[in-house]
Amino acid sequence: YGNFMDDLRLYVRGGTGGMGYPRLGGEGGRGGDVWFVARERATLKSIRDKYPQKRFVAGTGANSSVKALKGGKGKDCEVHVPLGISVLCDDGKQIGELNAAGERFLAARGGLGGSLATNFMPCKGQRRIVHLDLKLIADVGLVGFPNAGKSSLLSKISHAKPEIANYAFTTIQPELGKIMYADYKQISVADLPGLIEGAHANKGMGHKFLKHVERTKQLLLVVDISGFQLSIKTEFRTAFETILLLTKELELYKEELLRKPALLAINKMDLPCAKDNLNELMKQLQNPQDFLHLLQKEMIAANTLEFKDVIPISTYTGEGIEELKACIRKSIDEEAEQENEEYRKKKLLLLQTSE
């Protein structure tokens, strides 16, 4: 999975409280807490490299003494984590998430200091094993089968430099790029490694890749106009079948993914017969019901993915790339406007009800 890490297991322990002072009724200080703090440039790999033991223990509270009857609090321990982190218990239950820079999560609370209530004996801090699960946060997620040209597309529309080659599974780790517009607006794009049939069932590390689609605002399906065949042993799939299969994989993994706004990029339009194949595909997309009899039932998703735009492109000649960038911008802006409108309506409703 390359140098990219999206899961890390840590041991966290809050500090032990300080000793009480029975003779004078003094209270020991509370133990320090362990906090996860979201930071822009942090990565799970940097945490692992910096702290190979993967143990985070907060400071012990100060003992009560004649000079200071109330002991001071132990030193907190802060762990800088990347944005898009879900914090899970060892049993897999989610206990928190950090999505914006500066957000904090209390991972382990410090123990109470010794006092009359505890017979002046300190309490130990909370201890547990947690999993940090990273899901990339991007505006647009590129989804497609291997060798559809997703990496080439990312390198054309952004400054990212993913590995590009003429064989399947070139991308072995998610890549992030940013589309820069003339007015300095930036849109982040995540190139996810190619899915295969059965990805929803975790074939070919399916879940490891599909989980990154969850945090993207929109989907951009990239499909090879000439169709796709993974190997001699697998069936050849036309562009239409590829779209249906991708939709099915997304639905089987998580149905809500199909509710995300989606665009469709038809790649490799520089190939011979591409124009005829495109005409055929557009007919199929306009009336998909008429062509479903050509496929096995298990390939067809219960819900269809509605595409806001279908853009023919060629990452080889550059055809359609500018149009695609404009469509992505328009789609993101429309979505933001819709969210703002919904937020305004909610605020107005709250004001009316409070009056």
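Residues numbered from 1 in each chain as written. Predicted model: local features only at pLDDT ≥ 70, side-chain atom pairs only at ≥ 80, totals over all residues. Heavy atoms only, no water.

*Asks:* Would you mind going over the sheet that holds strand 8 (residues 127-134) in detail, with residue names and values included?
*Replies:* Spatially, five strands are ordered 3-1-8-5-6 in an open sheet, and the strand pairing comes out mixed. If you trace the sheet from one side to the other, it starts and ends with strand 3 (55-57) and strand 6 (94-98), each paired once. Put simply, the sheet's adjacent strands are angled 25 degrees from each other on average, direction ignored. Of the strand pairs in this sheet, strand 5 (residues 85-89) and strand 8 are connected by five bridges, and their pairing is antiparallel. Paired with valine 87 across the two strands is leucine 132, which belongs to strand 8. (Pairing = 2+ DSSP bridges. Helix = DSSP H or I, 4+ residues; strand = E, 2+ residues; numbered from the N terminus. Axes fitted to C-alpha atoms, helices over the stretch in contact; angles between N-to-C directions.)

*Asks:* Tell me about helix 2 (residues 150-157), and name the residues and values.
*Replies:* Taking burial as the measure, the eight residues of helix 2 include six buried ones, the bulk of the element. Those residues of helix 2 lying buried are Lys150, Ser151, Ser152, Leu153, Leu154 and Ile157. The secondary structure elements touched by the buried residues of helix 2 are strand 9 (140-143), strand 10 (175-180), strand 11 (186-191), strand 12 (218-224) and helix 6 (321-354). (Buried < 20%, exposed > 50% of the residue type's maximum accessible area, 1.4 Å probe, protein only. Contact = heavy atoms within 4.5 Å.)

*Asks:* So what's going on with empty space enclosed by the protein? Residues and values would help.
*Replies:* Considering all chains together, one arrives at two cavities of 30 Å³ or more under this definition. Approximately 40 Å³ is the volume found for the largest cavity. Every residue lining the largest cavity is listed: Phe145, Pro146, Asn147, Ala148, Val222, Val223, Asp224, Gly227, Phe228 and Thr242. Here the lining of the largest cavity is composed, by residue class, of six nonpolar, three polar and one charged. (1 Å grid on protein atoms, 1.4 Å probe; cavity = no way out; pocket = protein on both sides within 12 Å on 5 of 7 lines; lining within 4 Å. Points joined across faces, edges and corners; volume = space filled by probe spheres on them. Nonpolar A, V, L, I, M, F, W, Y, C, P; charged D, E, K, R; others polar.)

*Asks:* Describe the environment of alanine 42, and please don't skip the residues or the numbers.
*Replies:* By secondary structure assignment, the location of alanine 42 is in the loop between strand 2 (34-38) and helix 1 (44-50). Taking the relative accessible area as the measure of exposure, alanine 42 reaches 14% and is therefore buried.

*Asks:* Give a detailed account of the confidence of the model for the protein chain, specifying residues and quantitative values.
*Replies:* Per-residue confidence for the protein chain gives a mean pLDDT of 84; residues scoring 70 or more make up 89%. Across the protein chain, element-level confidence peaks in strand 3 with a mean pLDDT of 96 and bottoms out in helix 3 (residues 206-214) with 69. Scored below 50 in pLDDT, residues 162-171 shows 24 contacts in the model against residues more than four places distant or in partner chains. (pLDDT = per-residue confidence, 0-100.)

*Asks:* Would you mind going over the side chain of aspartate 224 in detail, with residue names and values included?
*Replies:* In this structure, aspartate 224 sits in strand 12. Discounting residues that sit within four places of it in the chain, aspartate 224 has contacts with Asn147, Ala148, Ala239, Asn267, Lys268 and Leu271.

*Asks:* Tell me about the layout of surface pockets, and name the residues and values.
*Replies:* Approximately 750 Å³ is the volume found for the largest pocket. Of all the secondary-structure elements, those providing two or more residues to the lining of the largest pocket are helix 1 and strand 10. Top contributing element to the lining of the largest pocket by residue count: strand 10, with three residues. Tallied by class, the residues present in the lining of the largest pocket amount to eleven nonpolar, five polar and eight charged.

*Asks:* Help me get a handle on the pairing of strand 2, residues and values and all.
*Replies:* Counting buried residues in strand 2 gives five out of five residues, a clear majority hidden from the surface. Taking every second residue as pointing to the same face, both faces of strand 2 are buried, with Val34, Phe36 and Ala38 on one and Trp35 and Val37 on the other. Of the strand pairs in this sheet, strand 2 and strand 4 (residues 77-81) are connected by five bridges, and their pairing is parallel. By the bridge assignment, valine 37 is partnered in strand 4 with histidine 80.

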